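# Notes for the structure review
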Amino acid sequence: MASRVRSAENSGSTANGSRRLRSASRAGYLAAKLGFRNYWYPAVFSRELAGGQAIGVRLLGENILLRKVGDRTLAVADRCLHRGVRFSRQPECYTDDTITCWYHGFTYRLSDGKLVEILTEPGSSLIGKLALKTYPVIDAKGIVFVYVGEGEPGDLAHDVPPNFLDSDLEIAGIRDEVKANWRMGAENGFDTTHIYIHRDSPLVPGNDIVLPLGMYPDDRHGISTFTDSEPKGVLDHAFEHYQPVFEAAIDGRMVARSKGADNHKIVAREVSIWMPGALKVDPWPDPALIQFEWYVPVDIDTHMYWRVLARRVADAAEAAGFRAEFLSRWEPLALHGFNDQDIRAREGMQEFYQDDAAWDHEHLFKADRCLVEWRKLASQHHRGLQPFT
Amino acid sequence: MASRVRSAENSGSTANGSRRLRSASRAGYLAAKLGFRNYWYPAVFSRELAGGQAIGVRLLGENILLRKVGDRTLAVADRCLHRGVRFSRQPECYTDDTITCWYHGFTYRLSDGKLVEILTEPGSSLIGKLALKTYPVIDAKGIVFVYVGEGEPGDLAHDVPPNFLDSDLEIAGIRDEVKANWRMGAENGFDTTHIYIHRDSPLVPGNDIVLPLGMYPDDRHGISTFTDSEPKGVLDHAFEHYQPVFEAAIDGRMVARSKGADNHKIVAREVSIWMPGALKVDPWPDPALIQFEWYVPVDIDTHMYWRVLARRVADAAEAAGFRAEFLSRWEPLALHGFNDQDIRAREGMQEFYQDDAAWDHEHLFKADRCLVEWRKLASQHHRGLQPFT
Amino acid sequence: MASRVRSAENSGSTANGSRRLRSASRAGYLAAKLGFRNYWYPAVFSRELAGGQAIGVRLLGENILLRKVGDRTLAVADRCLHRGVRFSRQPECYTDDTITCWYHGFTYRLSDGKLVEILTEPGSSLIGKLALKTYPVIDAKGIVFVYVGEGEPGDLAHDVPPNFLDSDLEIAGIRDEVKANWRMGAENGFDTTHIYIHRDSPLVPGNDIVLPLGMYPDDRHGISTFTDSEPKGVLDHAFEHYQPVFEAAIDGRMVARSKGADNHKIVAREVSIWMPGALKVDPWPDPALIQFEWYVPVDIDTHMYWRVLARRVADAAEAAGFRAEFLSRWEPLALHGFNDQDIRAREGMQEFYQDDAAWDHEHLFKADRCLVEWRKLASQHHRGLQPFT
């Protein structure tokens, strides 16, 4: 997937750098309160548009209207050019490929955004002269991706974690709004030692997985950073380079013991994060599965949390079997039983990090090197910052 | 009612003017977030004060206390001069013409605002030396009007729509707070083509009224602007100068048809708006009725929406008959069945127009000329701007 | 308690001074939106920590974690140094004298704040190098006091009203958050004439207490200000120097009569307020009781209202009797039946005084001299201002 791999331990350690160095290497990331422009982002699951209705979503602070038109999904700005109201407050779709504003009947073609009719003034001289901004859309793996940015979008494959688009992967998932900035989502997900919060998750006994209390990075802690190809990202070889911690002591007295110390299934061999903000945990939450996550900016204090599981399947029967298993087993046991704990952790971080000055007052430890690498990569290798007011 | 009428089509079209011209001609209106000073505004229905209790209202951001004293209604600032609390949190009226503060017993005469007693310190040296601001009040047509401004108020007749004070008009109505700036109310009400939102209103079949989907202004679209007399306002001869649209097509295919196309009652022959922000629709919602509306600023993002119906009556029996009909038929069928839809439309506009810069990004069409005239009139012929912080 | 007493009437009256003079003499108080630093404040009742759990409180805008460790109570900043989350969102106490962060297992010793272990990375080089801010704590009279400030704290006796620490005083009380700045609490409590709001309180007939409608200060109105010793405060000899007002007239007509005019128990002989913001009413609400109150800043618009009753007891049996009587009689009848009315009054003042400029527009009367003295004392004799943003 990447033509060249740069290893963190050879690149001038940032984790041990001065505060100034740290600040410089994360300036772009700090400014990315609303995320990065010129990327593909997941907007809705394809199934949400199946009924033919138009749906409004908010991505990176932009209101966008989505509608399935035949076998294409189209997206336009969710704001009438006449008086600024959002179509999605009461969407009206009289024909297959148009949206009509509920207020005065301004009607736009979804494919090019052009004003094609005004129901209250047929033949108006404005017709043909105004156009909504349109957004490129791709349907892939049951998810509608929207390109937020300028110019021609690149390959979707450049903006999603490796393997996500593999043809033999069947996916299933959910999305939920979380009251925390998107970076709290990304840093919670990619943070190897946050597993501490999951030590009582029902997933650990429920699926017999090995889950240490924490991880102890070795001296040659291997983090690979991919910047010469797309997607750009950071991969933590968690399994190979960390010492797991199964028992914890305070003042020499044992105080906690992992419930997963004697389990059998090895998961999370690799954890990686990819621009513009998507996670891959492989395998997870079972040796046969991969978990993908997105943390999509909605507003400065809100992100859409995507939890998606994937399984390699040989045929339609296996795919159907996975989808049934997702609903009965993985959604309650893993996505809720495990990842709902992450939501509370992000909300807990938001109070501190919403103040820009606070970022200078954190105290990272050795295991946070993965986050430092991610911040540096995001700062130096993004395609554009989404402005905020 | 007006000594001179200036017709919009002869006055240098603003609808086709440049953005700069448009901006200049609406600057005062844009600054009127809290409305215009030195006008009479409806505050409460007289019946709301009938029990003798004092009531607090908020007009143009000012807190005002109202009380009926004998056959007069009096108004003072709703804030004790001692420690700044609002009387209306717990109004105490020990005598006919005073208000006593619930906190320390400071007692003011409502007619002149003077501090006449302090119940907790009889004979205090402050007595007679402090006075609340008083507001001129007129009771008319069952509504209590308050003058918000400086100096001597003018005739009430100068600040209400023509005919409202006619002695043979019996009126009945309701008032409700709406979460949108008062200008959203005014522009929704005076906007001829907003009727599109009402196409499914139960009023249309329920009262057999003709209601097009939209209106198609002809080239000699007649709008009269009244600026040489009082009240100042803009009148749209809607019925004479518009082509009604009963069917709407997109790409040549019929998509919507007015349910009122075959009805018999002609309404809304004239629609007019008057400073400082009151509408008259004549006749409406029945050939025998007139609808008056006010959009009174409460705060920057809230207005009080007054819906008032009027009928000419010959005697007390006819007046009582109208009042009964109002309650059983017009309030549910017209004021709620039709105008509640307007409330949702205003809330839909508020999100866009609350940003001053957004006003430059609207795209008006021909039928909006009425709004452009209203904005120009309000900008150039107001008596004062209410300051806001 | 004080080595020298300065009497207000001899000190250049501020109540009659110019606005400029008034402003100068209350500047520090105006700036004390979050209260004064370098004082002891009540944080929680000792009983709240009895179960061994750690509890988070907010004092003067600072988040503080409290925990009982053996017979000591310890307090540290309620914010992990690693990623800034509050421990109290999910407190973890594995050993007697530590707090462990729920997120990554950073573990601090409560006595000195030092980072003593990281459960997810045993042996981390950060251990021993970071420390939480600690707060001095004293348990007294069943209340946990925390010192908010720099340097060595002084005697607790310097920061509480006189007699509060007397060994024969048994105390019982409640605390509640009120949505008003702490100064609204202090000024409501120390304001002699605010008794007007209590004229219908069930306490008056329920305990047969004398409660005038108001108080009429005599010319030699005696207010003592204590600034040469600790605690610093202002004492109003209410009973000796005021004329009670039992009947109130407007325009010569009797309008209100105190329900307590014919009662027998004399209470509130002295009312005093003490830095950093604590009240003493002696006796109250019964000749055998004293009421102490604190108005502790939480945030700019919120304070914690402490209502504490005290009785002198000779032995454990009397103490137990008082505690039982507190629950059955004084808490419902006095603390709620009387002081809940004060809460509503403070909320009523907050709207006005939250605007700094509004303080110049109040109009104080003679009886407010006690407040003027309090503002002046607080402005000139505080140990430090708590900064706010």
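Residues numbered from 1 in each chain as written. Chains lettered and ligands numbered in written order. Predicted model: local features only at pLDDT ≥ 70, side-chain atom pairs only at ≥ 80, totals over all residues. Heavy atoms only, no water.

### Focus: the relation of the copies chain B and chain A
Both copies of the chain are related by one operation, a rotation about an axis with a shift along it. Mapping chain B onto chain A is achieved by rotating through 120° and translating by 0.1 Å along the same axis, at an RMSD of 0.1 Å. Considering both components of the superposition, the chain copies are consistent with a three-fold axis. Distance from the rotation axis, computed per C-alpha, reaches its smallest value in chain B at B:Thr389: 12 Å. (Least-squares fit on C-alpha atoms with pLDDT ≥ 70 in both.)

### Observations concerning the pairing of strand 20 (residues 278-282) of chain B
Residues and elements named next belong to chain B. Counting buried residues along strand 20, 4 of its 5 residues qualify, which places the element largely inside the surrounding structure. Pairing analysis gives 5 bridges linking strand 19 (residues 270-274) to strand 20, with the strands arranged antiparallel. Bridging from a neighbouring strand, serine 272 pairs with lysine 280 of strand 20. Remark: 3 residues form the turn of the hairpin made by strand 19 and strand 20, two consecutive strands paired antiparallel; glycine 277 in that turn has positive phi of roughly 145°. Here strand 20 pairs with strand 21 (residues 289-299) via 4 bridges, running antiparallel. Within strand 21, the position partnered with valine 281 by the bridge is glutamine 291. In this structure, the hairpin formed by strand 20 and strand 21 is closed by a connection of 6 residues. (Buried < 20%, exposed > 50% of the residue type's maximum accessible area, 1.4 Å probe, protein only. Helix = DSSP H or I, 4+ residues; strand = E, 2+ residues; numbered from the N terminus. Pairing = 2+ DSSP bridges.)

### Comments concerning the sheet that holds strand 11 (residues 143-148) of chain A
Residues and elements named next belong to chain A. On the basis of which strands lie adjacent, the open sheet formed by 3 strands has the order 2-11-10 and antiparallel pairing. Bordering the open sheet on either side are strand 2 (39-45) and strand 10 (137-140), each of which pairs with just one other strand. Going from strand to strand, the sheet's axes swing by 30° on average, the running direction of each strand aside. In this sheet, strand 11 lies alongside strand 10 in antiparallel orientation, the contact comprising 4 bridges. The residue bridging alanine 140 from the neighbouring strand is isoleucine 143, located in strand 11. (Axes fitted to C-alpha atoms, helices over the stretch in contact; angles between N-to-C directions.)

### A look at the interface of chain B and chain A
Listed by partner, the interface residues are 38 residues for chain B and 30 residues for chain A. Both faces considered, chain B and chain A share a buried interface measuring about 2,800 Å² in area, 54% of it formed by carbon and sulfur atoms. At the junction of chain B and chain A, the tally comes to 5 salt bridges. Where A:Arg83 meets B:Glu187, a salt bridge forms, and the shortest distance between an N and an O atom there is 2.4 Å. Contributions of two or more residues to the side of chain B that touches chain A are made by helix 3 (182-190), strand 13 (214-217), strand 17 (247-250), strand 18 (253-257), helix 7 (340-353) and helix 8 (369-380) of chain B. At 8 residues, helix 7 of chain B tops the list of elements feeding residues into the side of chain B that touches chain A. Among the residues making up the side of chain B that touches chain A, the classes are represented as 20 nonpolar, 7 polar and 11 charged. (Contact = heavy atoms within 4.5 Å. Buried area = accessible area lost by both parts, 1.4 Å probe. Salt bridge = Lys/Arg side-chain N within 4 Å of Asp/Glu carboxyl O. Nonpolar A, V, L, I, M, F, W, Y, C, P; charged D, E, K, R; others polar.)

### Some words on the confidence of the model for chain A
For chain A, the average pLDDT comes to 93, and 93% of its residues sit at 70 or higher. Confidence drops under pLDDT 50 across residues 1-18 of chain A; counting only partners more than four residues distant or on other chains, this segment forms 40 contacts. (pLDDT = per-residue confidence, 0-100.)

### Overview of the packing of helix 3 of chain B against helix 8 of chain B
Residues and elements named next belong to chain B. Orientation of helix 3 relative to helix 8, taken along the N-to-C sense of each, is 140°, at an axis distance of 9 Å. On the basis of the axis angle, helix 3 is oblique to helix 8. In this structure, helix 3 meets helix 8 at a crossing whose hand is right-handed. Between helix 3 and helix 8, the residues in contact are Trp182, Ala186, Glu187 and Phe190 and Cys370, Leu371, Trp374 and Arg375, respectively. Of the residues that constitute the contact of helix 3 with helix 8, the class distribution is 6 nonpolar, no polar and 2 charged. (Parallel < 35°, antiparallel > 145°, perpendicular 65-115°, else oblique. Left-handed = near helix turned anticlockwise from the far one by under 90°.)

### Overview of the packing of aromatic side chains
One pass over the structure, following the stated rule, counts 55 aromatic pairs over all chains. Between the aromatic rings of C:Tyr29 and C:Trp182, the centroid separation amounts to 6.1 Å while the plane-to-plane angle is 70°, which identifies the pairing as edge-to-face. With C:Tyr29 in helix 2 (residues 27-31) and C:Trp182 in helix 3 (residues 182-190), this residue pair connects regions lying 153 residues apart in the sequence. Among the aromatic residues, ring-to-ring pairing joins A:Tyr29, A:Phe36, A:Trp182, A:Phe352, A:Tyr353, A:Trp359 and A:Trp374 into one connected group. Seen from the ring of B:Tyr29, B:Arg183 lies directly overhead, with NZ or CZ sitting 5.9 Å from the centre. A cation over an aromatic ring shows up here: C:Arg199 above the ring of C:Tyr196, its NZ or CZ 4.1 Å from the ring centre. (Phe/Tyr/Trp six-rings, centres within 6.5 Å; stacked < 30°, edge-to-face > 60°. Lys NZ or Arg CZ within 6 Å of the ring centre and 35° of its normal.)

### Focus on the nonpolar core
C:Leu66, C:Trp294 and C:Trp374 are the most contacted members of the largest nonpolar core, which has 116 residues in total. Apart from the residues lying within four places of it in its own chain, the contact partners of C:Trp374 are C:Tyr29, C:Trp182, C:Ala186, C:Phe190, C:Val234, C:Ile273, C:Trp274, C:Met275, C:Pro276 and C:Gly277. (Core = buried A, V, L, I, M, F, W, Y, C linked by side-chain atoms within 4.5 Å.)

### A closer look at unusual backbone geometry
For the bond running from A:Trp284 to A:Pro285, omega is -10°, close enough to zero to count as cis. As for its position among the elements, A:Pro285 is in the loop between strand 20 (278-282) and strand 21 (289-299). In this chain, C:Asp282 is followed by C:Pro283 through a cis amide linkage whose omega measures -5°. At C:Asn38, a position not held by glycine, the phi torsion is positive, near 70°. Here C:Asn38 is to be found in the loop between helix 2 and strand 2 (39-45). For C:Asn38, a relative accessible area of 14% gives the class buried. The phi angle at C:Lys141 is positive, at roughly 55°, despite the residue not being glycine. With respect to the helices and strands, C:Lys141 occurs in the loop between strand 10 (137-140) and strand 11 (143-148).

### A closer look at the side chain of A:Asn181
All names here are of chain A. For asparagine 181, the position within the fold is in the loop between strand 12 (169-178) and helix 3 (182-190). Separated by 2.8 Å, the side chains of asparagine 181 and arginine 183 make a polar contact. For asparagine 181, the residues in contact, after removing those within four places along its chain, are Lys33, Ile300, Asp301, Thr302, His303 and Gln350. (Polar contact = N/O pair within 3.5 Å; in protein donor to acceptor, adjacent residues only side chain to side chain.)

### Comments concerning the interface of chain A and chain C
How big an interface is tends to be stated in terms of the accessible area lost upon association of its parts. Contacts between chain A and chain C engage 38 residues on the former and 30 residues on the latter. Interface area, chain A with chain C, both sides summed: about 2,800 Å², of which 54% is carbon and sulfur. Considering only the surface of chain A that becomes buried against chain C, A:Tyr196, A:His363 and A:Phe365 emerge as the three largest contributors, covering 24% of it. Our count for the contact surface shared by chain A and chain C stands at 5 salt bridges. Between A:Glu351 and C:Arg79 there is a salt bridge whose closest N-O contact spans 4.0 Å. Summed over the shared surface of chain A and chain C, the result is 13 residue pairs in polar contact (both at pLDDT 80 or more). Going through the elements one at a time, helix 3, strand 13 (214-217), strand 17 (247-250), strand 18 (253-257), helix 7 (340-353) and helix 8 (369-380) of chain A are the ones with two or more residues in the side of chain A that touches chain C. For the side of chain A that touches chain C, the element with the most residues is helix 7 of chain A, which contributes 8 residues. Class assignment of the residues belonging to the side of chain A that touches chain C gives a composition of 20 nonpolar, 7 polar and 11 charged.

### Focus on the pattern of salt bridges
In total, this model carries 90 salt bridges over all chains according to the counting rule given. Each of A:Arg26, A:Glu187, A:Asp360, A:Glu362, A:Arg375 and C:Arg83 takes part in salt bridges that share partners, so that together they form one network.

### Structural notes on the packing of helix 3 of chain B against helix 7 of chain B
Residues and elements named next belong to chain B. At a closest axis distance of 9 Å, the pairing of helix 3 and helix 7 adopts a crossing angle of 125°. Compared by their axis directions, helix 3 and helix 7 come out oblique. Crossing of helix 3 over helix 7 shows right-handed handedness. Across the interface between the two elements, Met184, Gly185 and Asn188 from helix 3 touch Asp342, Ala345, Arg346, Met349, Gln350 and Tyr353 from helix 7. In terms of residue class, the contact of helix 3 with helix 7 is built from 4 nonpolar, 3 polar and 2 charged.

### Observations concerning the sheet that holds strand 6 (residues 98-100) of chain A
Residues and elements named next belong to chain A. Strand order across the open sheet formed by 3 strands is 6-7-8, with antiparallel pairing between neighbours. Looking at the sheet topology across the chains shown, the edges are occupied by strand 6 and strand 8 (115-118). With direction set aside, neighbouring strand axes in the sheet form an average angle of 20°. Of the strand pairs in this sheet, strand 6 and strand 7 (residues 106-109) are connected by 3 bridges, and their pairing is antiparallel. Among the inter-strand pairings, threonine 98 is bridged to a residue of strand 7, identified as arginine 109.

### What to know about helix 3 of chain C
Among the 9 residues in helix 3 of chain C, 9 count as buried, and that is most of the element. Buried residues of helix 3 of chain C: C:Trp182, C:Arg183, C:Met184, C:Gly185, C:Ala186, C:Glu187, C:Asn188, C:Gly189 and C:Phe190, and no others.

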